Amino acid sequence: MARKEPNPIDVHVGSRVRLRRLLVGMSQEKLGEQLGLTFQQVQKYEKGTNRIGASRLYEVSRILNVPVQYFYEEMADNDAHAPGGEQAFAEGDSAPFVMDFVSSSEGLQLNRAFVEIRDPAVRRGIVDMLKALAKSQSPVPE
């Protein structure tokens, strides 16, 4: 029996649940406890293997302190369908890379530290510094 691929929208919503959970420093086990689920069920939601129902998504949004719309951010406004019936997201092919980075240990540390900086000028300086560092690491054209 062939395994059915998860719906890209379910995968996106699940990845947003995972991102927010990690950003607030909550374990899958803790989220599961608050939802009355096992951490394995939370894992399946986060991978998009199991679809999150409307009432459950509302509870997740309440627990993680974000509006339900948060879980759909970065998806295209056209019902997430591109021409030809393909699923589309606002960030195109770069979205999975960004989500992978932000969900990594380094990405989470960087994000948490950056969010704690209140001065907009300091934030802008950090962004400029990172751009300069990235540019200096780029290979020199021949």
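It should be emphasised that the depicted structure is a prediction, and the values quoted were computed from it without experimental measurement. (Residues numbered from 1 in each chain as written. Predicted model: local features only at pLDDT ≥ 70, side-chain atom pairs only at ≥ 80, totals over all residues. Heavy atoms only, no water.)

**Describing the nonpolar core**
- If you look at the biggest cluster of nonpolar residues, it comprises 17 residues, and the most contacted ones within it are Val-17, Leu-31, Ile-52, Val-60, Ile-63, Leu-64 and Phe-71.
- Among the elements of the structure, helix H1 (8–23), helix H2 (28–35), helix H3 (39–47) and helix H4 (54–63) are those that each provide at least two residues to this core.
- Excluding anything up to four places from it in sequence, Leu-64 contacts Val-17, Arg-20, Arg-21, Val-24, Met-26 and Phe-71. (Core = buried A, V, L, I, M, F, W, Y, C linked by side-chain atoms within 4.5 Å. Buried < 20%, exposed > 50% of the residue type's maximum accessible area, 1.4 Å probe, protein only. Helix = DSSP H or I, 4+ residues; strand = E, 2+ residues; numbered from the N terminus. Contact = heavy atoms within 4.5 Å.)

**Side note on H1**
- In a regular helix each residue adds 1.5 Å, so 16 residues correspond to 22 Å; H1 covers 22 Å between its end C-alpha atoms and thus fits that length.
- Those residues of H1 that sit buried are Asp-10, His-12, Val-13, Gly-14, Ser-15, Arg-16, Val-17, Leu-19, Arg-20, Arg-21 and Leu-22.
- Two or three places before Ile-9, at the opening of H1, Asn-7 has a side-chain oxygen 2.7 Å from that residue's backbone nitrogen.
- A positive backbone phi angle near 75° is found at Gly-25, which sits one or two residues after H1. (Expected span 1.5 Å × (residues − 1). Polar contact = N/O pair within 3.5 Å; in protein donor to acceptor, adjacent residues only side chain to side chain.)

**Quick notes on a nonpolar patch on the surface**
- A cluster of nonpolar side chains, namely Phe-101, Leu-110, Met-129, Leu-130 and Leu-133, defines an oily patch on the protein surface of about 450 Å² accessible area.
- Along the chain, the position of Leu-133 falls in helix H7 (residues 120–137). (Patch = residues over 30% accessible without salt bridge, like charges linked within 9 Å, V, L, I, M, F, W, Y side chains within 5 Å. Areas by Shrake-Rupley, 256 points an atom, 1.4 Å probe, with all protein chains shown as cover. Salt bridge = Lys/Arg side-chain N within 4 Å of Asp/Glu carboxyl O.)

**Thoughts on the packing of aromatic side chains**
- Tallied over the entire structure, the rule returns 1 aromatic pair.
- Each ring, one from Tyr-70 and one from Phe-71, has its centre 5.4 Å from the other, and the planes form 85°; the classification is edge-to-face. Summarising the burial analysis for this pair, Tyr-70 and Phe-71 share the class buried.
- If you follow Arg-16 out to its NZ or CZ, it ends over the ring of Tyr-70, 4.0 Å from the centre. (Phe/Tyr/Trp six-rings, centres within 6.5 Å; stacked < 30°, edge-to-face > 60°. Lys NZ or Arg CZ within 6 Å of the ring centre and 35° of its normal.)

**Overview of the packing of H1 against H3**
- Taken N-terminus to C-terminus, the directions of H1 and H3 make an angle of 120°; their axes are 5 Å apart at the nearest point. The orientation of H1 relative to H3 falls into the category oblique. Between H1 and H3, the contacting residues are Asp-10, Val-11, Gly-14, Ser-15, Val-17, Arg-18 and Arg-21 on the first element and Tyr-45, Glu-46 and Lys-47 on the second.
- Residue composition of the contact of H1 with H3, grouped by class: 3 nonpolar, 2 polar and 5 charged. (Axes fitted to C-alpha atoms, helices over the stretch in contact; angles between N-to-C directions. Parallel < 35°, antiparallel > 145°, perpendicular 65-115°, else oblique. Nonpolar A, V, L, I, M, F, W, Y, C, P; charged D, E, K, R; others polar.)

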